6 protein chains.
Amino acid sequence: MILHLSTWPEIEARLTRSRTIVIPIGSTEQHGPTGLLGTDWLCSEIIAHRAHTENADILVGPTFNVGMAQHHLAFPGTISLRPSTMILALRDWVSSLSAHGFETIYFLNGHGGNIPTIEAAFSEIYAEASYDKRQSGLVLMLRNWWQLPGIEALAHRQFPTGHGSHAQPSEIAVTQAAYPASIKIADCHPRIAASGPIRDAIDFRARHPDGRMGSDSLQANPGYGEELILLAVKGLMADIGAIEARQDEIG
Amino acid sequence: MILHLSTWPEIEARLTRSRTIVIPIGSTEQHGPTGLLGTDWLCSEIIAHRAHTENADILVGPTFNVGMAQHHLAFPGTISLRPSTMILALRDWVSSLSAHGFETIYFLNGHGGNIPTIEAAFSEIYAEASYDKRQSGLVLMLRNWWQLPGIEALAHRQFPTGHGSHAQPSEIAVTQAAYPASIKIADCHPRIAASGPIRDAIDFRARHPDGRMGSDSLQANPGYGEELILLAVKGLMADIGAIEARQDEIG
Amino acid sequence: MILHLSTWPEIEARLTRSRTIVIPIGSTEQHGPTGLLGTDWLCSEIIAHRAHTENADILVGPTFNVGMAQHHLAFPGTISLRPSTMILALRDWVSSLSAHGFETIYFLNGHGGNIPTIEAAFSEIYAEASYDKRQSGLVLMLRNWWQLPGIEALAHRQFPTGHGSHAQPSEIAVTQAAYPASIKIADCHPRIAASGPIRDAIDFRARHPDGRMGSDSLQANPGYGEELILLAVKGLMADIGAIEARQDEIG
Amino acid sequence: MILHLSTWPEIEARLTRSRTIVIPIGSTEQHGPTGLLGTDWLCSEIIAHRAHTENADILVGPTFNVGMAQHHLAFPGTISLRPSTMILALRDWVSSLSAHGFETIYFLNGHGGNIPTIEAAFSEIYAEASYDKRQSGLVLMLRNWWQLPGIEALAHRQFPTGHGSHAQPSEIAVTQAAYPASIKIADCHPRIAASGPIRDAIDFRARHPDGRMGSDSLQANPGYGEELILLAVKGLMADIGAIEARQDEIG
Amino acid sequence: MILHLSTWPEIEARLTRSRTIVIPIGSTEQHGPTGLLGTDWLCSEIIAHRAHTENADILVGPTFNVGMAQHHLAFPGTISLRPSTMILALRDWVSSLSAHGFETIYFLNGHGGNIPTIEAAFSEIYAEASYDKRQSGLVLMLRNWWQLPGIEALAHRQFPTGHGSHAQPSEIAVTQAAYPASIKIADCHPRIAASGPIRDAIDFRARHPDGRMGSDSLQANPGYGEELILLAVKGLMADIGAIEARQDEIG
Amino acid sequence: MILHLSTWPEIEARLTRSRTIVIPIGSTEQHGPTGLLGTDWLCSEIIAHRAHTENADILVGPTFNVGMAQHHLAFPGTISLRPSTMILALRDWVSSLSAHGFETIYFLNGHGGNIPTIEAAFSEIYAEASYDKRQSGLVLMLRNWWQLPGIEALAHRQFPTGHGSHAQPSEIAVTQAAYPASIKIADCHPRIAASGPIRDAIDFRARHPDGRMGSDSLQANPGYGEELILLAVKGLMADIGAIEARQDEIG
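On a predicted model such as this, the values are computed, not experimentally measured, just so you know.

Reading guide: rules and limits
Residues numbered from 1 in each chain as written. Chains lettered and ligands numbered in written order. Predicted model: local features only at pLDDT ≥ 70, side-chain atom pairs only at ≥ 80, totals over all residues. Heavy atoms only, no water. Salt bridge = Lys/Arg side-chain N within 4 Å of Asp/Glu carboxyl O. Contact = heavy atoms within 4.5 Å. Least-squares fit on C-alpha atoms with pLDDT ≥ 70 in both. Pairing = 2+ DSSP bridges. Helix = DSSP H or I, 4+ residues; strand = E, 2+ residues; numbered from the N terminus. Axes fitted to C-alpha atoms, helices over the stretch in contact; angles between N-to-C directions. Buried area = accessible area lost by both parts, 1.4 Å probe. Polar contact = N/O pair within 3.5 Å; in protein donor to acceptor, adjacent residues only side chain to side chain. Nonpolar A, V, L, I, M, F, W, Y, C, P; charged D, E, K, R; others polar.

A separate point is the pattern of salt bridges. Scanning the entire structure with this criterion turns up 90 salt bridges over all chains. Where salt bridges share partners, they join A:Arg82, B:Arg91, B:Asp92 and F:Glu128 into one cluster.

Okay, the arrangement of the chains next. Nothing in chain A touches chain D; the tightest C-alpha to C-alpha distance between them is still 18 Å. There is a gap between chain C and chain F: no contact, and a shortest C-alpha distance of 18 Å.

Superposing chain A onto chain B requires a rotation of 180° together with a translation of 0.0 Å along the rotation axis, leaving an RMSD of 0.0 Å. Expressed as an axis order, the relation between the two copies is that of a two-fold axis. Relative to the rotation axis, the closest C-alpha in chain A is found at A:Thr85, a distance of 3.4 Å. A symmetric contact is evident, with 100% of the interface residues of chain A recurring at the interface of chain B.

This part takes up the sheet that holds strand S2 (residues 104-109) of chain C. Residue and element names in this part refer to chain C. The three strands lie next to each other as S1-S2-S3, forming an open sheet whose pairing is parallel. Two strands in the sheet have a free side with no partner beyond their single neighbour: strand S1 (20-25) and strand S3 (139-144). Adjacent strand axes in the sheet meet at a mean angle of 20° when their direction is disregarded. As defined by bridge partners, S1 adjoins S2 across six bridges and the pair is classed as parallel. In the strand pairing of S2, valine 22 is matched with tyrosine 106. Each of S1 and S2 is contacted by helix H2 (residues 39-53), which is oriented at about 145° to S1, the strand it contacts most. Packing of helix H3 (residues 83-100) onto the sheet brings it into contact with S1, S2 and S3, and relative to S1 it is tilted by some 155°.

What follows deals with the interface of chain A and chain B. The interface is formed by 50 residues belonging to chain A together with 50 residues belonging to chain B. Taking both sides of the interface into account, the surface hidden between chain A and chain B amounts to around 4100 Å²; carbon and sulfur atoms contribute 63%. Three residues stand out in chain A for area buried against chain B, namely A:Leu5, A:Trp8 and A:Pro76, and they jointly supply 18% of the buried area on that side. Of the charged contacts, one joins A:Arg205 and B:Glu12 as a salt bridge, the two residues approaching to 3.5 Å between their closest N and O atoms. Inspection of the chain A/chain B interface yields 25 residue pairs in polar contact (both at pLDDT 80 or more). Counting only elements with at least two residues in the side of chain A that touches chain B, the list comes to helix H1 (8-15), helix H2 (39-53) and helix H3 (83-100) of chain A. The greatest single-element share of the side of chain A that touches chain B, amounting to nine residues, is contributed by H3(A). In terms of residue class, the side of chain A that touches chain B is made up of 24 nonpolar, 18 polar and eight charged.

Structure follows, in structure tokens:
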């Protein structure tokens, strides 16, 4: 089920048999000369919605589409939340879902830069219960789609060199498979971009003039993207299956 | 252009000729027995993306898809930000866009309950400049899609009775036109729901047991939705044209 | 009763028969060459206190005298809260009154620019209850004095042209009636000021060099002010009567 | 001058010769069986406005009428800000006044419980400049009216026993002089209330069942109040004179 | 006991017989040419730990070692929290300790500039209970070590002139006694530094070029420091004894 | 140099040749039946101070001794900040140090649970510069002491089984070497504790009844601790050397 394409009675009915929801989460940020600004949230959304299409028994919420991308702000089109804002927004999303009885909120993440803030948000949410000596009733999970079983191995088979860490051919390939009309063509020099530390936005653009980090984005193609999507869907379904199985034991 | 389906060099190029961006904004909240939980943000997104499809020279950013919906929290599936959180999130979106040189940020809104918080956010953003005695360089605009020229008149011709104020047949029709596979069928009693004040969520559900306010949602149909979309696109394009014309004068 | 001129046992006694309180709220902001900086809160306070003087059975709290006026900050004397600050302050006022058992908190507002922030504050307050799935026990009401029954019609009879939207002759007249020693005389050119959008403070002053918006403030006179006060008192008493009547039904 | 009874051109003119403003500040909180809920802000306002009436060359801003009174919340009618809220509100007031060119902002305080929060707010405001290695351009002053020269001595001559620390006969006398129609009569047992520490509101009411702390409020009378007002006005005028003299040296 | 050198079962055991904890609190800020940057927190820590060493039955928590020192930020090495941050940090410390069952949290303070913020934090913490009409169950105490019985008298006997108000010989002497290897030698001109008001950091350094306020720091010596420590330990033990005695009555 | 045992002129002098500072950071939280509550911050402090003792040319600031430990709050003695509070506190520390000209702020961390919040704080700090399109001038570094070169390998040689992830014998050994008087003896059953996910505090204690996670703490001994300290000091000195070398190139 896709939450935003469902009605409240449908969600109410689903809650009687499952207390789990998947939230795709990513970022709107530059992904080099050929990567889409939405790459990170598109990847998560593509995988989660494909699982739904393939009849997985999952509930997918709306996509959290602007994350923590301060270091990309020197590239036009990037939109970033401050970590403090993102913590509050995640708290409000979780509070809303928790009020309805959702127990496991599984964030399928597409942006490495979100990880610390999402984990800090989880602690912020749990802390309210911990100070009060009460149970939160929540299981907050963060899963980066590229860490689903087999994905890293597949990506490195597809892209043995120049996979890099930003504007990776793998993530671009995923968006190419899903949005073929938006495949972009551009030159990239050097083919494999430099790596470096992440600090503020001006520092980042000085080190990474076209936005890529360590990657050769031009290797992306939709066929590889489709392979990645299918494997990720399989991993996601396995995760959800494991969660639901555990709930049966508990409930 | 759709920002999340574009690259940063494409946005950089566009900024040399236009400093305007459209942000669809809405809410994830119950819309009665037949309305989708995403109705409010879907409507804004549908209209803005259709304008793009029809070759309008506009730039559409990612959709702000969870808004202020506290009064709907007693219905499963609703996700709400606190107003204070939403103000911070809007501040971060606007700060990001302003850093790139965007001047006019036009929020195409699909949820009445967002209006006070969006307007408060605008004041919060402007205030930083006002205390410092500097110009903000920003033109923040809020446009509710149902107030685009001709929309209210059309909706009342389509739905002379039972248009109501929540889970309206007009907004449901717009989503039906765009997502025909998600048209829902359910009974609604009474056909025209009661009206009433908006307070906290429990109070709201007590007054509006199925979530509708003053509306007969069942009148919605995709044909009417398509008429509404086309007229809204026309209004949106007129708005953007007027903004750009003014920029020509200034710039 | 005027709360700040009462003792706590007097308030305790009143609470046994009424759980309603009126809070005058406004702004300290420029009102053109002849309008007082306190116009907006003075108007609300004048009306509410006059109702008390005329033996209405109402309880009037202290006046919330600095509101959201960021756009007037380029004119000396204006004092503004940020919307985020005002939300917190209103939350604290309401939390205090709610702790004592007040149920209906009726804000009699004198400043249009406060409306979004007050409404956002109401949502912020209700949201705490909504996330927790409990009733707030609160009825938060916002009433702009110029929307009390008959006021707009009277003002437009008194000032058929040049009523405008800021530094209106009607609001200035109300303060003239109550503070005749503070009636100011100044020239205003043009007689009817220009209208325009509201953005940051420097933009505002550039558009509205003497602070007025669309108004011919010089038409104000104390006699008209007295008429407005008396009609507003009547409307306020009707509102309070309706609230109390409803409480009888519920209680 | 009273700011809220002035126009912006009057304030603009005044700023050319003085950059000082007085802000009366207090609290809305219980003051025992006979003290008014507004006692603390009324005292500050009464003294500052009387100085104006007696032709002192001072500018008096609007009264900050709800302060930090959490410990009195178990008594009906008390309204309290959290310290964190009050810091933000004071920051916004000061930012507004500073934008106009005010340099010395002199808070004439009527509530002991406000002192830590006001001083913390001053540090919060100064800190912004200090972290940035720039001058704030501000002189923030806190003066408790009961510490103006001679006031404590006079109060102890008037009330040699039972002056106490809350619901003091001196502060009640000041309000009696200014609001003779609101003089309250009630019994108080014991005549001199107990003293004790200040913690949360329930603890406070348990220790101080009628709200007084160490005081015999019934000694208050309007004549003593008038003496206190006149002496306080003299002290306030001396303070302002000293501030302005120093500005002449600097400016 | 020193909390950070204890295990959780040891603290759990102690809680069965005492619900009191001492938190040394101070500041990291310049203390003139010869005073250590840690002077303020070292003094509190030295005294509290010495009490432990001398077998006092006390529990000492970790030292809160960075406080409110914005006015010293123009001197290298100073680290300051904003008051608003410090309030939140103190709230979190107290919430943690309260969750374990601690009732009396006794802050042994070494920095005058912390006092308003600590007191504001206490009110912030109590306020949560007060708005909710429940008991906080907390006794929050602030004790400045220089106000322990006899300390001021001793310091003025040791340093009859030039004790001053910052970089005082007494506090420096305490650190010299405990950290003899860190005794610093420097010239100070004039021997007794000037006094003055406290505003922002640049203003402070302009008034106090070497950081001292009213003090002749060079009078400090370890012997005097040892006398002060011993007397302070005695005072601290008396305070704790009084607190525990009262608990026996209550519990 | 130890900052808190230095004077401001000493820090001012040092800044002319190095703009780097080390901040030990950790947590005050339960570490099983034999681990000290201060283990995490003690480890960082011990290593950094030992580097100083061994004549490394480093500057060590005060220890950030209470971190993010919400999940341990069900064990007495744990003190935790909320992530949001810790972000603000770190921002204030960094702002202070940055104002003095420090460029590289190197956090030597002793607590895994701090990592997301520290990284989120770094992004929060950088973001201010990034939104403003200015360079932050900061290099914020996080180094967990157990990830200094060779430490993990050594720890696993020392403790081939039962190293675990909380209350590890390695960290306990470090504190034993530095605080031999505080070595604790207790039974632990089972010898190797269970592992599990981290959620709220009650959940954590239910899964880990004595506080350990996957560890056999009883293997700790001071000799192993000394070895770890010496190797960590070597790694820390290498890190600082590399940072300073880079500065020579840049400066």
